[in-house]
Amino acid sequence: MLLLDKIPVLLVLRSESEDVERPGIVVEMQSDRKISRAIREAGLRWARNTLNLDQNPRHFLALGKQDAPLRQLQEQFRGMRPVRIASPYESLIWAIIGQQIHVTFARRLKYRFLEYCGDQVRMDGHLYPVFPQPEQVLLADQQKLAALQFSRQKLGYIAAVSAAVVDGRLNFDAIRVLPQEQAISHLVKFRGIGRWTAEYVLMRGLGYSDCIPAADIGLRKVAGELYGLGRTASEKEVRDITEKFHGWRSWVAFYWWMTLQQTANMQDRRVSL
């Protein structure tokens, strides 16, 4: 469920092709209000951007011919493109919530944040959450959020960046046109945003194609396994390893994260058995 031109719109995306080389995506839009042409166009732009449909992966695939571990992942996840988060603001809030905690707990906190701060829209008998706007977040009761296991520090970070978005100091449209290092330098000026968070936002929220959050513990583990280190790689080693993937490091990071997700899914299945 998205807010398009301030109207809640349910977007349903369906694949109409099993050919990953020529994917066919159908976008359906539903709302209890009139869906204008402008809203339809905004929804289609959102779908293309979120699914990263406008970037030709030819050069990324060519990198696999020179690197065996990457080639194996390209074959394993054939046709996969990095999926972006619905908005840069949402990606930033998710990154802050997930800082220095286990992914399972982070997921739990994200759902609590969504339920407490955001709206819910009923459509066809189902309730759909809408990610809160920064103005809504600033109105949230900090005491109640703390009772939901949010740390005081993170609540402060979330309030600070939300206020910066509201008053225009943090402008994602202005950031997205900056060179990568300049964009990172701008983001880390804000309280609660370190380099890992900035790189995550550039990659998942703003669509930069050559950004890898190299301090990420998951990426460091994968790098150590794929490249025979026999241990978790350091942040510097991740940057050194991925230097040869210049221009496509966001794609590499996403593929590495997918290996972690696949491993987690396999472990969950073993537990259920």
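Residues numbered from 1 in each chain as written. Predicted model: local features only at pLDDT ≥ 70, side-chain atom pairs only at ≥ 80, totals over all residues. Heavy atoms only, no water.

(A) Region of interest: the pattern of salt bridges. A complete count under the given rule lists 15 salt bridges for this structure. Of the charged contacts in the structure, one is a salt bridge between R14 and E28, with a shortest N-O distance of 2.8 Å. Of this pair, R14 sits in strand β2 (residues 7-15) while E28 is found in strand β3 (residues 25-30), placing the two residues 14 residues apart along the sequence. You can call E28 partly exposed: its relative accessible area is 30%. Taken together, the salt bridges that share partners define one network made up of E181, R195, E199, E235 and R239. (Salt bridge = Lys/Arg side-chain N within 4 Å of Asp/Glu carboxyl O. Helix = DSSP H or I, 4+ residues; strand = E, 2+ residues; numbered from the N terminus. Buried < 20%, exposed > 50% of the residue type's maximum accessible area, 1.4 Å probe, protein only.)

(B) Broad picture of empty space enclosed by the protein. According to the stated counting rule, one finds one cavity of 30 Å³ or more in the structure shown. Approximately 80 Å³ is the volume found for the largest cavity. In this structure, the largest cavity is lined by 13 residues; those nearest its centre are N52, P82, R84, M203 and Y208. Elements that contribute at least two residues to the lining of the largest cavity include exactly α11 (195-205) and α14 (249-272). Sort the elements by how many residues they give to the lining of the largest cavity and α14 lands first, with three residues. Of the residues contributing to the lining of the largest cavity, the split by class is six nonpolar, five polar and two charged. (1 Å grid on protein atoms, 1.4 Å probe; cavity = no way out; pocket = protein on both sides within 12 Å on 5 of 7 lines; lining within 4 Å. Points joined across faces, edges and corners; volume = space filled by probe spheres on them. Nonpolar A, V, L, I, M, F, W, Y, C, P; charged D, E, K, R; others polar.)

(C) Structural detail: the packing of aromatic side chains. Taken as a whole and assessed by the stated rule, the structure comprises 13 aromatic pairs. On the basis of an interplanar angle of 40° and a centroid distance of 6.1 Å, the ring pair of F60 and W248 is categorised as tilted. Linking F60 in helix α2 (residues 58-63) with W248 in the loop between α13 (235-242) and α14, this pair joins segments that are 188 residues apart in sequence. Residue F60 is classed as buried on the basis of its relative accessible area of 0%. Centroid distance W94 to F131: 5.0 Å. Interplanar angle 85°. Geometry classified as edge-to-face. Here W94 is found in helix α4 (residues 88-97), whereas its partner F131 is found in the loop between β5 (126-130) and α6 (134-139), with 37 residues between them in sequence. Comparing W94 with F131, the two get one shared label, buried. (Phe/Tyr/Trp six-rings, centres within 6.5 Å; stacked < 30°, edge-to-face > 60°.)

(D) Representation of the side chain of S91. Here S91 lies in helix α4. Its relative accessible area of 0% is what places S91 among the buried residues.

(E) Quick peek at the side chain of R81. By secondary structure assignment, the location of R81 is in the loop between α3 (68-76) and α4. It is D54 that comes nearest to the buried, bridge-free R81 among opposite-charge side chains, at 7.4 Å. A polar contact of 2.8 Å, which involves the side chain of R81, links it to the backbone oxygen of N52. With sequence-adjacent residues up to four places away left out, R81 is seen in contact with L51, N52, L53, D54, Q55, P57, W251 and F254. (Lys, Arg positive; Asp, Glu negative; His and termini not counted. Polar contact = N/O pair within 3.5 Å; in protein donor to acceptor, adjacent residues only side chain to side chain. Contact = heavy atoms within 4.5 Å.)

(F) Up close: the pairing of strand β4 (residues 119-123). The sheet contact formed by β4 and β5 spans five bridges and is antiparallel. Opposite M123, over in β5, you have H126 as the bridge partner. Between the end of β4 and the start of β5, which pair antiparallel, lie two residues, with D124 showing a positive phi angle near 55°. (Pairing = 2+ DSSP bridges.)

Scope: geometric values only; no functional claims are made or implied.
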